[in-house]
Each structure stands twice: as structure tokens, then as C-alpha cells.
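Below, each chain spelled out in residue letters.
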Amino acid sequence: MRAELNIDTSDLEERITQRVIAALMPLISGKAEDELMDIDKAAAFLGKSKEQIYQWVSNSKHGLSDFPFQKAGKSLRFSKNKLQQWMINNGTRR
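Residues numbered from 1 in each chain as written. Predicted model: local features only at pLDDT ≥ 70, side-chain atom pairs only at ≥ 80, totals over all residues. Heavy atoms only, no water.

Caption draft 1: Focus on the overall build of the protein. For the protein, the count of helices and strands is four helices and three strands. Of the regular secondary structure in the protein, the N- to C-terminal order runs α-β-α-α-β-β-α. Counting only residues that meet the buried cut, the protein has 20% of its 94 residues in that class. Roughly 7600 Å² of accessible area belongs to the protein as shown, and the carbon and sulfur atoms make up 50% of that amount. (Helix = DSSP H or I, 4+ residues; strand = E, 2+ residues; numbered from the N terminus. Buried < 20%, exposed > 50% of the residue type's maximum accessible area, 1.4 Å probe, protein only. Areas by Shrake-Rupley, 256 points an atom, 1.4 Å probe, with all protein chains shown as cover.)

Below, the structure is given as C-alpha cells:
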């Protein structure tokens, strides 16, 4: 026995399209949610040691690189979006 399912595919296609567009718009417009990470999360995200991250920060402080970071008092913070863009620009692989 075979059951048939009659679905109005035009309505389904339109609903799927609208959901995809809604999900992609923040990424396309550059307004995707960002996350600020501490040194431990940034190192894990990049797949590098904390020592490597500190070296990149030091190089950036001295104008030798463009590694993105922020100071929050004595702590370092890293924007996930900026790190992703930095990886794209510098060919860094996770």
C-alpha cells in the first residue's frame, strides 16, 4: 500500500525561502551577532596555544601585524567575527 501526500509546493518553497533569507541577512549585512572571547576561548577557537595568541597580540601592539584584540582593564578580549575575518585575510587555518 502506498500513501500519497499532496502538498502545495509553492507555499512550502516560499516559506523555506523566507526562512533562509531571514537567517542569511545578518551575515550578508555584516551585522551577525558577535561574541567576545577571553584568551582561553580565543586560543581554542583558533586552535593555537595561549603563548601564540600573546605573541600575535604583542606583534600587533608594536605595529608588526593586524591581529584583532581589545583590552578590558588588564584582560584581553577577542571578537569572534574579527578573528574569523583575520583568519580569512591571513590564511590562518584552525
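Caption draft 2: Here's a closer look at the side chain of S79. For S79, the position within the fold is in strand β3 (residues 75-79). Its relative accessible area of 5% is what places S79 among the buried residues. A distance of 3.2 Å separates a polar side-chain atom of S79 from the backbone nitrogen of K82. The residues contacting S79, other than those within four sequence positions of it, are D34, E35 and L36. (Polar contact = N/O pair within 3.5 Å; in protein donor to acceptor, adjacent residues only side chain to side chain. Contact = heavy atoms within 4.5 Å.)

Caption draft 3: Focus on the packing of aromatic side chains. On inspection of all chains with the given rule, the structure shows four aromatic pairs. For the ring pair F67 and W86, a centre distance of 4.8 Å and an interplane angle of 85° mean the geometry is edge-to-face. Of this pair, F67 sits in the loop between α3 (50-61) and β2 (70-72) while W86 is found in helix α4 (residues 80-90), placing the two residues 19 residues apart along the sequence. Residue classification places W86 among the buried positions, given a relative accessible area of 8%. (Phe/Tyr/Trp six-rings, centres within 6.5 Å; stacked < 30°, edge-to-face > 60°.)

Caption draft 4: Geometry of α4. All of the buried residues along α4 are L83, W86 and M87. Mapping the buried residues of α4 onto a view down its axis gives an arc of 100°, with all of them on the same face. Facing away from the buried surface of α4 by more than 90 degrees, the exposed residues are I88 and N89. Summarising the contacts, the buried residues of α4 are in contact with β1 (36-37), α2 (39-46), α3 and β3. (Arc of directions from axis to C-beta.)

Caption draft 5: Seen up close, the sheet that holds β3. Taken in spatial order, the three strands make up an open sheet running β1-β3-β2, and their pairing is antiparallel. Single-partner strands in this sheet number two, and they are β1 and β2. In terms of strand pairing, β2 meets β3 through three bridges, oriented antiparallel. When the bridges of β3 are listed, A72 appears paired with S75. In the packing of α4 onto the sheet, the strands contacted are β1, β2 and β3, and the crossing angle to β3 comes to about 65°. (Pairing = 2+ DSSP bridges. Axes fitted to C-alpha atoms, helices over the stretch in contact; angles between N-to-C directions.)

None of this, on its own, says anything about what the molecule does.
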